[in-house]
Amino acid sequence: MLVRKLGHQGLLRALLPAAQRCIGSWASVDPAKISGSNPATVSNLVFGKWVGTEKQLTIPDPLNGEPFITVPDTQLHEIEPFVKSLLAVPKSGVHNPLKNPERYLLYGEVSAKAAEEMRKPEVLDYFARLVQRVAPKSYAQAAGEVTVTRRFLENFSGDQAVGGRCFLLENFSGDQVRFLARSFGVPGDHAGQASHGYRWPYGPVALITPFNFPLEIPALQMMGALYMGNKPLVHTDHKVAIVLEEFVRLLHACGMPLDDVDIIGGRGQVVNEVLLQGKPANTLFTGSQKVAEKLAKDLHGKVRLEDAGFDWKVLGPDVRDVDYVAWQCDQDAYACSGQKCSAQSILFMHDNWVEAGLEGKLRDLASTRKLSDLTIGPVLSWTTEAMLQHAQRLLQIPGARMAWGGQPLEGHTIPKVYGAIQPTAVFVPLREMLKPENFEVATTEVFGPFQVLTHYGDAELPHVLEALERMKAHLTAAVVSNDAHFLQHVLANTVNGTTYAGIRARTTGAPQNHWFGPAGDPRGAGIGTPEAIKLVWSCHREIIGDHGPLPPGLQLVQS
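Residues numbered from 1 in each chain as written. Predicted model: local features only at pLDDT ≥ 70, side-chain atom pairs only at ≥ 80, totals over all residues. Heavy atoms only, no water.

1. Focus on the side chain of Ser-111
The line we're drawing: Counting from the N terminus, the helices are DSSP H or I runs at least four residues long and the strands are E runs at least two residues long. Burial status follows relative accessibility: with a 1.4 Å probe on protein chains alone, a residue under 20% of its type maximum counts as buried, one over 50% as exposed, and anything between as partly exposed. Contacts are assigned to residue pairs that have any heavy atoms within 4.5 Å of one another.
Relative to the helices and strands, Ser-111 is located in helix α3 (residues 102-118). By relative accessible area, which is 0% here, Ser-111 ends up buried. Those residues in contact with Ser-111, other than ones at most four positions away along the chain, are Leu-153, Phe-156, Ser-157, Met-223 and Tyr-227.

2. Comments concerning the side chain of Ser-538
Cut-off, in case you're wondering: Pairing of N or O atoms within 3.5 Å defines a polar contact, subject to two protein rules: one partner must be a possible hydrogen donor and the other a possible acceptor, and residues neighboring in sequence count only if both atoms are side-chain atoms.
As for its placement among the helices and strands, Ser-538 is situated in the loop between α19 (530-537) and β22 (539-546). Look at Ser-538 and you get buried, because its relative accessible area is 1%. Here the side chain of Ser-538 touches Lys-534 through a polar contact of 2.7 Å, landing on its backbone oxygen. In this structure, Ser-538 is in contact with Arg-199, Trp-200, Tyr-202, Met-228 and Ile-533, ignoring residues within four places of it in sequence.

3. Quick look at the packing of aromatic side chains
Heads up, the rule is: Geometry of aromatic contacts follows a simple scheme: Phe, Tyr and Trp rings, the Trp one being its six-membered ring, pair when their centres are within 6.5 Å, and the pair is stacked under 30 degrees between planes, edge-to-face over 60, tilted otherwise. For a Lys NZ or an Arg CZ to count as sitting over a ring, it must be within 6 Å of the ring centre and within 35 degrees of the ring normal.
Throughout the structure, instances matching the rule amount to 10 aromatic pairs. Consider the rings of Trp-26 and Tyr-126, whose centres lie 5.5 Å apart with planes at 85 degrees: the pair is edge-to-face. Taken together, the residues Trp-26 in the loop between α1 (2-15) and β1 (40-41) and Tyr-126 in helix α4 (residues 121-134) connect sequence positions 100 residues apart. Among the residues examined, Trp-26 registers a relative accessible area of 8% and is labelled buried. One aromatic cluster in this structure is built from Tyr-107, Phe-152, Phe-156 and Tyr-227. The ring of Phe-439 carries Arg-470 above its face, with NZ or CZ at 4.1 Å from the centroid.

4. Notes on α3
Here is the rule we go by: Any helix carries an expected span of 1.5 Å times its number of residues minus one.
Given a rise of 1.5 Å per residue, 17 residues ought to cover 24 Å, and the 25 Å separating the end C-alpha atoms of α3 matches this to within 8%. Every buried residue of α3 is accounted for by Arg-103, Tyr-104, Tyr-107, Gly-108, Val-110, Ser-111, Ala-112, Ala-114, Ala-115, Glu-117 and Met-118.

5. Regarding the pairing of strand β13 (residues 282-286)
Note the threshold: By this definition, two strands are paired if DSSP reports at least two bridges between them. Note on handedness: a clockwise path from strand one over the helix to strand two, with the strands aimed away from the viewer, defines a right-handed crossover.
Here β13 lies mainly inside the structure; five of its five residues are buried. Neither face of β13 is open: one carries Asn-282, Leu-284 and Thr-286, the other Thr-283 and Phe-285, and all of them are buried. Pairing of strand β10 (residues 204-209) with β13, which is carried by four bridges, proceeds in the parallel orientation. Pairing of Ile-208 across the sheet is with Phe-285, part of β13. With respect to chirality, the unit in which β13 leads through helix α10 (residues 289-298) into the neighbouring parallel strand β14 (residues 303-306) is right-handed.

6. Comments concerning the nonpolar core
The condition is simple: What we call a nonpolar core is a set of buried Ala, Val, Leu, Ile, Met, Phe, Trp, Tyr and Cys residues that are connected through their side-chain atoms within 4.5 Å.
Among the nonpolar cores identified, the biggest contains 121 residues, and Met-222, Phe-247 and Phe-348 are the most heavily contacted of them. Among residues more than four places away in sequence, those in contact with Phe-348 are Trp-312, Lys-313, Val-314, Leu-315, Leu-430, Thr-454, Tyr-456, Val-464, Ala-467, Leu-468 and Met-471. Counting residues in each nonpolar core, the second largest holds 23 residues, with Val-325, Met-349, Trp-404 and Tyr-500 among its members.

Bear in mind that shape data such as this cannot, by itself, settle questions of function.
Right, dumping it as structure tokens:
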């Protein structure tokens, strides 16, 4: 393979051809130079200062295992500044509709400046290469993450496109952030009385984000928290924390006050203690269901969750655009090596699609993915052994078969602490899947290049809907059909919070232009849109003004 032929450094040179050119002074690392012989260092941020810690965690290079980044291993005796910072934030927030409203304009301007910077090809390339270094994925996927983040900032910046480029308005308004806090009024019962509803910040908040989108998830959620007037404490997975640090350094250079955000690195139990002592009014968690439920209990329900996603796709009876549908299915299952909370976990194929040869097309597409261009790559949260053991458990179900994959990747230096398998699919008969002894294992999310396949006919659609009803996670889904009656029936009887419908339906997509989040859980979080920001990062406050005058001859009677 190319990895073996070129060696690790040769692969890096192929992946990281662009040196830092015209990158602002905010950038503290060069993605092309981070290596075992030239490790990078990540810091904590508290009260506006970048600080180190007594101990550090060493991150292995996901492509060769060399220790190439050190991150803070914050100890319990070092958490006091973070606790004090949270406790110092007033419940009414840093700004709200009645206090420091000019900060809405400030964050519109910061967003515009940051978006303008990220529009530069060299800055896009900088963040894309940095994402690739810590969470290996294809350049297209990494650059897409940067583009989504930039477009999100543009959405809330008040800038305007002129001739394909973005220009700051000379008299900057920042109204796109201000409009997030739009209030409403209702007439009262008598003269001088009226009620006004406001979107009010929580004040001290926290967010915990995963490794798979090192830039997009923390950036969008952190900015949403800031827009609404909160001060966030951010903890992101230590394997990718360097990306968030560089983004925050960019925001500082674009005018964000230094002490508006705190960042803490370290182990989960230490961060958990900071939350217990600092008492954030709301904590956003994106990650595993197990940790989500623990946080919900520890923080007395003051959480918003975007946890596990065993995401399904149903192919309807109408077959068309077969090559496109096959390509989209392959992308949904295996882009980013399947490490998306929205990745296609199970594919329900109508018999008409099976007869059209879809399974063979999917097998052929999966076989073209390769480590040399990172269309398949390291899995950072499942080992090779764990994924293959899960495949063997599925193969014990009567009628199950390995559709493709099921083997370790070869010719690489990915460390054993991570996973490395071929794109894999296991076929499980629908009726066997529904049996109580099989359903849990058949619907277990594998956060890697792994999916379950099954077939169904017209008479078996109720069994498909039964399977969808029994699943526990309801994040994304796709109904691939242009049959209006079929779409209506399936959509009316399912619940997933982000559901794509139509012949081009997918399970994965950029959350900059639509709501992205689970449904069916009152703790569910969203990301990316004004509705998501208002739901997660603000609460409703009603202020009823009653100023008189008193009507003549008012009788005051006790009751």
